[in-house]
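Read off the chains here:
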Amino acid sequence: MNTRRIGRGTVEGHGWPSLHPPNELLGVSRSLARGVPMLLVLGLLVGCYSDSSSRATGATSSTAARRANGAASEWFVDRAIESDLKFTYFNGMSGGLYYPEMLPGGVALLDYDNDGDLDVFFVQGQMLGEGKTLDDATIRPASLPLKGRLFRNDLVVNADGTRTLHFTDVTEQSGIDTHEYGMGVAAADFNNDGCVDLYVTNLGRNQLFRNNCDGTFTDVSRQSGTDIAGWSVSAAFVDYDRDGWLDLYVGNYVVWDIRSDQKCTGLTGRRDYCTPAVYSPQRDRLFHNNGNGTFTDVTATALPGGPFGPTLGVATADFDNDGWIDLYVANDGRDNVLWMNQRNGTFKNMGLLSGVAVGADGKPKGSMGVDAGDFDNDGAEDLITTQLPSEGINLYRNVGSGLFEDESAASGLGPMTLGYTGFGTAWFDFDNDGWLDLLVANGAIEAIKERGEERFPYGEPKLLFRNLRNGRFENVTPKAGSLFQLLEVSRGAAFGDIDNDGDVDVVISNIHAPARLLINSVGNRNHWVGLRLVGASARSRPTREAGAGSVTGRDMVGARVEVIRKNAPTLWRRSRSDGSYGSANDPRVLVGLGDATDPPMARVHWPDGDVEEWPAVAIDRWTVLRQGKRMAR
Amino acid sequence: MEPSVRDQLRARYAALVGQIEHGDVADADLGAAYGELGKLLMAASYFDAAEACYLNAGRLAPADMRWPYYLGHLYKAKGPLAKSVVAFEKAHHLRPNDVAILVWLGDAYLTQGRSGAAEPLFNQALGLEPNSAAAHFGAGRVALAKKDYPGAVTHLEKALALDPRATATHYQLGMAYRARGDFPRAEAQLARKGTIEPRPIDPLMRALDELLESAEAYNVRGGRELEAGNWASATDDFRKGLALKPSDPSLRHRLGTALYQMGDAAGAIEQFREVIRTSPEFAKAQFSLGVVMEAAGRHEEAIESFSNAVKHDTGYIQARLQLARVLVRTGRPLKGLAEYQQVLARDPAMKEAVFGRAMALVRLQRYRDARDRLGDALKSYPGDPAFSHALARLLAAAPDAQVRDGAQAKALIDELLKTERSFDVGATEAMALAELGEYEQAAAVQRDVIAAAEHAGLRNVVRHLTDNLKLYERRRPCRTPFTDDELP
């Protein structure tokens, strides 16, 4: 989305077939003879469609959906419908091609009721356009009311170890009342009471919902000082000053309202969605947590002078290994920004010199999703950004001290993702072999012409890549599950162990298609350790934890853990809920061990600088590691 | 679809059908008909349809390099890259010494991470065309990938020398310097990076690029010329686009911009006014008209234009900023201040607005507020010369005694003098010295500054500096921190 229409990926809803009636075209095709493969000719004449082997465009949604109902050999199976996790994002489109329609929405995994399993929150859209009502909608909403929805996970672990997943929509009793056009969500315990809170980013005013620790939430947007107006997408809770309170980075996109909406056209003159270049970027905001339920906007002093671009993705990690959390901001069509923490409450942008601002060709990309993780197991946090079809995704390998090398080509990820429009993504070890893999949720932002007859011709398949442990990746999408072939407009993706069975599952939010609950059926064939990194807090209340009894305290997002194995390299992982696209991940840390059965040592580097060790952590179960409860190193 | 595009497609399609129905057409000719249709479809971004056409063309005319070549570019744009490589390889096989094919195939190999395969292609291209910036650029990237950093620097510097407008080269060069540990040079190159890559001479792709006749296609082409500073070509493209779609506000606005760049202010105004007449909501035209009016000293019209821009687009920060600036400059600082406040409400860290607000406060003689705002700004932008200089002026010469602090002014200016030795800074140093009672030294500094200004022929500056010198010679401090000309 970073350029004006430049001759690629533009839109024709009624393309070639509308020039001539099909029967006339077929009449011509019958007259062809010499040397021209008939299938190709027919393809050309009835829609100019060639062989489709290059892209998984052959499966229709319905047939693929039928196939998606669970072949045993599939690595991921969609369990959304059968578990009553029913949600469809409604983007409010009515033919006006309003820019925001293409970019929502996010999803959060959070244990809001502290019962030890992950619940799900989806943001929801509204009608867009002055005076527009649902009667004007191009595609009717799947359900009403149009509010963000909270689903409680009523997971049952059966006696034989199998899981029964069921979700209950508890939005009404939760008190969560969203009233804007939802874009994304961040989840973390901002007030250190042991209960995870929600920050919903909007087109409109953002909302902060404080968890009352009794199954309900209170809207504290205004009193907290975080209810900025405009257009925010991704946000991240991060303790940047190591004071024990989670601060908040809010990524803002562009300055847009319905009156300033621009009309853009493709190369052939057909209307299409605009690009961010048409609008002015809206500055991001950094809010410092005052520890009393309020935040102070410290953007001007902490991020002096910018730069700020149209932000879509945010990831936080300690990129230079100095013990202080840094911020990486993915911008759409402008240089990405790497805010290096200066350890004094301020940050300095090192994006360009670090090598993570642009692609290997020196050009800014249409960066959307983002994640930080140590894919090469060298102890340094690497970065991935998902982008436009003509760009592929970018992999930046951290070579230490905060300098990165662009490995998009060498890893194979760049070439393999050309032709896809990437949004939600994460580093996650889906097969628990100890190496981080990658999933990308895709969906076009410019109509796919050959599907111009569809009301919403933007669907793309999802992608799964396996880490080959040598810096390269393999596209394993064909084995991932037939659901990956569905052509959907996917945006937010949240990653976490939803059924607590020791492997990472995924929830994906789609525009005008049901959300997907991708249950991982292969990860726990290998061994693993599951760690919840918890800080002590006088204010926090006891909660239940899967397989771990009663615990208190909040998830220490930003904490890093070294998993020290016998006869194998140390693995570095991090507790985080940020990354992906407008979404919030499971803050727990799940580390794959392959076929190793020895309990590893865990050395935790807490966000405040403390380091503690746990000599032997039980494998194949979830364990809580509480700050201050083990030997300091 | 625009009628012009539809007509183009119909004509090409009819030509193909005519060939097919003719019966005794040679395969090569029929292939060419498919290929030509493919080109048009590709230009219109019907990639899948174009792909089928090129495949047909390639089978009918296997010796014609054009079809695999275009197919290579098509797959490069839409993926998969592997097919792009195969197609370029085929084209290369058909025409082994074509520099454009060598460069594009090498580029595709690089994108695949195959620098070893790319290297001989760029070397061959350089053998054929030693002054090809694109080939040097490719060879430099190969060297970078192979960690041959001196080699990368050599090739990339050569590429830049051959094609200085290809600003993307600065990035690669910066990375090469970084890898050598030369961070100052790396940062200097990175600061100059842009998005224009050196390209090989490529008549085939140029033909395709110029094929589509639609308003937006001309808009894109004109925009490219505009970016490259080719005003006349840009104007030409925008006019052609407007001939197809006279109501297109973007095209007309850009035509106005190109005309203004060519020095035709009247022509620009005419175009901007026409956009405003037909598309009043197109705030960019209001803004541009305001800029032109302001440059011509037509302040009231500029104010009107900027006001209209923010009326139609309340979030148009640049327009509001300009409005604030003109209001302050034309004696309406209170109104200007209000506009600055609105900008800062949306964007509290915007440097231009923070500075503008402080200067508006100076105009309003609210020196304390101005000092406080500049002090706050320095916390956000430590060491920023604009803020520290303005604050030093206020501390040295504000009429309000509670604002003045000669010692702090001197400290600020001493710091500033380490990096900047301009007339302005010299004059401020003299003000600070005078405020501290060191009149002889103030006068000495002022005389030096005057001599330098006289040497530079800056008569207006000299006049003002001389007024202050007289004060210092009479052992009196300055109480005019900024002249009217100095205030923004």
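Thresholds applied
- Residues numbered from 1 in each chain as written.
- Chains lettered and ligands numbered in written order.
- Predicted model: local features only at pLDDT ≥ 70, side-chain atom pairs only at ≥ 80, totals over all residues.
- Heavy atoms only, no water.
- Helix = DSSP H or I, 4+ residues; strand = E, 2+ residues; numbered from the N terminus.
- Contact = heavy atoms within 4.5 Å.
- Areas by Shrake-Rupley, 256 points an atom, 1.4 Å probe, with all protein chains shown as cover.
- Rg over C-alpha atoms; globule rule 2.2 N^0.38 Å.
- Buried < 20%, exposed > 50% of the residue type's maximum accessible area, 1.4 Å probe, protein only.
- Lys, Arg positive; Asp, Glu negative; His and termini not counted.
- Charge placed at Lys NZ, Arg CZ, Asp CG, Glu CD.
- Domains from an automatic or database assignment.
- Buried area = accessible area lost by both parts, 1.4 Å probe.
- Salt bridge = Lys/Arg side-chain N within 4 Å of Asp/Glu carboxyl O.
- Polar contact = N/O pair within 3.5 Å; in protein donor to acceptor, adjacent residues only side chain to side chain.
- Disulfide = S-S within 2.5 Å.
- Axes fitted to C-alpha atoms, helices over the stretch in contact; angles between N-to-C directions.
- Parallel < 35°, antiparallel > 145°, perpendicular 65-115°, else oblique.
- Left-handed = near helix turned anticlockwise from the far one by under 90°.
- Nonpolar A, V, L, I, M, F, W, Y, C, P; charged D, E, K, R; others polar.
- Core = buried A, V, L, I, M, F, W, Y, C linked by side-chain atoms within 4.5 Å.
- pLDDT = per-residue confidence, 0-100.
- Pairing = 2+ DSSP bridges.
- Expected span 1.5 Å × (residues − 1).
- Arc of directions from axis to C-beta.

Undergrad: In this structure, what is going on with the overall build of chain A? I would like to understand it.
TA: Within chain A, the regular secondary structure consists of ten helices and 43 strands. A separation threshold of at least 6 residues defines the contact pool for chain A, and within that pool the share at least 24 residues apart is 61%. Split by element, the accessible area of chain A, about 19600 Å² in all, is 49% carbon and sulfur.

Undergrad: I would appreciate a short explanation of the overall build of chain B in the present structure.
TA: A count of helices and strands for chain B gives 27 helices and zero strands. Computed over the C-alpha atoms, the radius of gyration of chain B is 31 Å, more than 25% above the 23 Å expected from 2.2 N^0.38 for a compact globule of 488 residues. For chain B, the proportion of its 488 residues judged to be buried stands at 55%. Across chain B, every contact between residues at least 6 apart in sequence was considered, and the portion connecting residues at least 24 apart equals 51%. Entry remark: accessible area of chain B is about 20600 Å², with carbon and sulfur atoms responsible for 50%. Between the centroid of the 63 positive side chains of chain B and the centroid of its 64 negative side chains there is a distance of 3 Å.

Undergrad: I would appreciate a short explanation of the domain arrangement of chain B in the present structure.
TA: Where interface size is given, it is often the accessible area lost as the parts come together that is meant. Residue and element names in this part refer to chain B. Taken domain by domain, chain B consists of domain 1 (1–79), domain 2 (97–209) and domain 3 (375–488). Centre-to-centre, using C-alpha coordinates, domain 1 lies 31 Å away from domain 2. With ten residues of domain 1 at the interface, the matching set in domain 2 holds ten residues. Of the roughly 880 Å² buried at the junction of domain 1 and domain 2 (both faces included), carbon and sulfur atoms supply 79%. Between Lys76 and Asp107 there is a salt bridge, with its nearest N and O atoms 3.9 Å apart. Summed over the shared surface of domain 1 and domain 2, the result is three residue pairs in polar contact (both at pLDDT 80 or more). Secondary-structure elements contributing two or more residues to the side of domain 1 that touches domain 2 are α2 (27–43) and α4 (66–78). Top contributing element to the side of domain 1 that touches domain 2 by residue count: α4, with five residues.

Undergrad: Sorry, what's going on with the state of the cysteines here?
TA: Among covalent bonds in proteins, the disulfide is the one between the sulfur atoms of two cysteines. Residue and element names in this part refer to chain A. Across all of its chains, the model carries two disulfides over all chains by this definition. A disulfide bridge connects Cys195 with Cys213, and the sulfur atoms are separated by 2.0 Å. In this structure, the disulfide formed by Cys195 and Cys213 twists by about 125 degrees around the S-S bond and is classed as right-handed. With Cys195 in the loop between β8 (181–188) and β9 (197–205) and Cys213 in the loop between β10 (207–211) and β11 (217–219), the pair connects residues that are 18 residues apart, well separated along the chain.

Undergrad: Is there a simple way to think about the side chain of B:Arg252 in this case?
TA: Residue and element names in this part refer to chain B. For Arg252, the location among the structural elements is in helix α15 (residues 249–261). Despite its burial, Arg252 pairs with no opposite charge, the nearest such side chain being Glu274 at 4.9 Å. Among the polar contacts listed, one links the side chain of Arg252 to the backbone oxygen of Pro246, at a separation of 3.1 Å. Filtering out sequence-adjacent residues up to four positions away, Arg252 remains in contact with Leu242, Pro246, Gln271, Glu274 and Val275.

Undergrad: Could you clarify how one ought to interpret the environment of B:Gln271 in this entry?
TA: All names here are of chain B. One can find Gln271 in helix α16 (residues 265–278). The spacing of Gln271 and Leu255 is 16 residues in sequence and 7.1 Å in space, taken between C-alpha atoms. Sequence-distant contacts of Gln271, that is, excluding residues within four places in its chain, are made with Arg239, Arg252, Leu255, Gly256 and Leu259.

Undergrad: Explain the packing of helix α18 (residues 299–312) of chain B against helix α19 (residues 317–329) of chain B to me, please; I cannot follow it from the model alone.
TA: Describing two packed helices takes the angle between their axes plus the distance from one axis to the other. All names here are of chain B. At a minimum axis distance of 9 Å, the contact between α18 and α19 shows a crossing angle of 150 degrees. Between α18 and α19, the interaxial angle falls into the category roughly antiparallel. By crossing handedness, the relation of α18 to α19 is classed as left-handed. Mapping the contact onto sequence places His299, Ile303, Phe306, Ser307, Ala309 and Val310 in α18 and Ala319, Arg320, Gln322, Leu323, Val326 and Leu327 in α19. Classifying every residue of the contact of α18 with α19 by side-chain character gives eight nonpolar, three polar and one charged.

Undergrad: How should the nonpolar core be read in this particular structure?
TA: It is characteristic of soluble globular proteins that their nonpolar side chains tend to be buried jointly. A:Phe121, A:Leu198 and A:Trp231 are the most contacted members of the largest nonpolar core, which has 69 residues in total. Apart from the residues within four sequence positions on either side, A:Leu198 is in contact with A:Ala108, A:Leu110, A:Phe121, A:Ile176, A:Val185, A:Ala186, A:Ala187, A:Gln207, A:Leu208, A:Phe209 and A:Phe217. If you look at the next biggest cluster of nonpolar residues, it comprises 66 residues, including B:Leu16, B:Val17, B:Cys53 and B:Trp104.

Undergrad: I'm lost on the confidence of the model for chain B in this one. Help?
TA: Keep in mind that low pLDDT regions are not for reading the predicted coordinates in detail. The predicted model of chain B has a mean per-residue pLDDT of 94, with 100% of residues at 70 or higher. When the elements of chain B are averaged for pLDDT, helix α27 (residues 459–473) of chain B gives the smallest value, 89, and helix α7 (residues 115–128) of chain B the largest, 98.

Undergrad: It is not clear to me how the sheet that holds strand β31 (residues 505–511) of chain A should be interpreted in this structure. Could you clarify?
TA: Sheet strands pair via backbone hydrogen bonds, and the direction of the pair is either parallel or antiparallel. Residues and elements named next belong to chain A. Taking strand neighbours across the sheet as the criterion, the four strands line up as β1-β32-β31-β30 in an open arrangement whose pairing is antiparallel. Whereas interior strands pair on both sides, the edge strands pair on one side only; in this sheet they are β1 (76–78) and β30 (489–496). Pairwise comparison of adjacent strand axes, ignoring direction, gives a mean angle of 25 degrees for this sheet. Across three bridges, the pairing between β1 and strand β32 (residues 513–520) is antiparallel. Residue pairing across strands places Phe76 opposite Asn520, the latter belonging to β32.

Undergrad: Would you take a moment to explain the sheet that holds strand β2 (residues 107–110) of chain A for this structure?
TA: Residue and element names in this part refer to chain A. Judged by pairing direction, the sheet is antiparallel, and its four strands sit side by side in the order β2-β3-β4-β7 without closing on themselves. Two strands lie at the open edges of the sheet, namely β2 and β7 (167–169), each paired on one side alone. The mean inter-strand angle of the sheet, taken between neighbouring strand axes irrespective of direction, is 20 degrees. Where strand β3 (residues 119–122) and strand β4 (residues 149–153) come together, three bridges link them in antiparallel fashion. Residue pairing across strands places Phe121 opposite Leu150, the latter belonging to β4.

Undergrad: Can you walk me through helix α24 (residues 406–417) of chain B in this structure?
TA: Residues lying three or four places apart along an α-helix face the same way, a consequence of the helix completing one turn every 3.6 residues. All names here are of chain B. Its twelve residues give α24 an end-to-end C-alpha distance of 16 Å, which sits within 8% of 16 Å, the value for a rise of 1.5 Å per residue. Turning to α24, its buried residues are Gly406, Ala409, Lys410, Leu412, Ile413, Leu416 and Leu417. In a view along the axis of α24, the buried residues occupy a sector of 165 degrees, so they form one face of it. Among the structural elements, α22 (367–380), α23 (385–397) and α25 (423–435) are those in contact with the buried residues of α24.

Undergrad: Hey, could you run me through helix α10 (residues 168–179) of chain B in this one?
TA: Here α10(B) is twelve residues long and its end C-alpha atoms lie 18 Å apart, about the 16 Å a rise of 1.5 Å per residue gives. Most of α10(B) is tucked away, with eleven of its twelve residues classed as buried. Among the residues making up α10(B), those that are buried are B:Ala168, B:Thr169, B:His170, B:Tyr171, B:Gln172, B:Leu173, B:Gly174, B:Met175, B:Ala176, B:Tyr177 and B:Arg178. Where α10(B) is buried, its residues touch α7 (351–354) and β25 (403–406) of chain A together with α8 (133–145), α9 (149–162) and α11 (183–191) of chain B. B:Gly181, located one to two residues past α10(B), shows a positive phi value of around 85 degrees.

Undergrad: Please clarify how the packing of α23(B) against α25(B) should be interpreted in this entry.
TA: Residue and element names in this part refer to chain B. Where α23 meets α25, the closest approach of the two axes is 8 Å, and the angle between their N-to-C directions is 30 degrees. The angle between α23 and α25 places the two elements in the roughly parallel class. Like other packed secondary-structure pairs, α23 and α25 cross with a definite hand, here left-handed. Of the residues in α25, those in contact with His389, Ala392, Arg393, Leu395, Ala396 and Ala397 of α23 are Asp424, Val425, Ala427, Thr428, Met431, Ala432 and Glu435. For the contact of α23 with α25, the per-class residue count stands at eight nonpolar, two polar and three charged.

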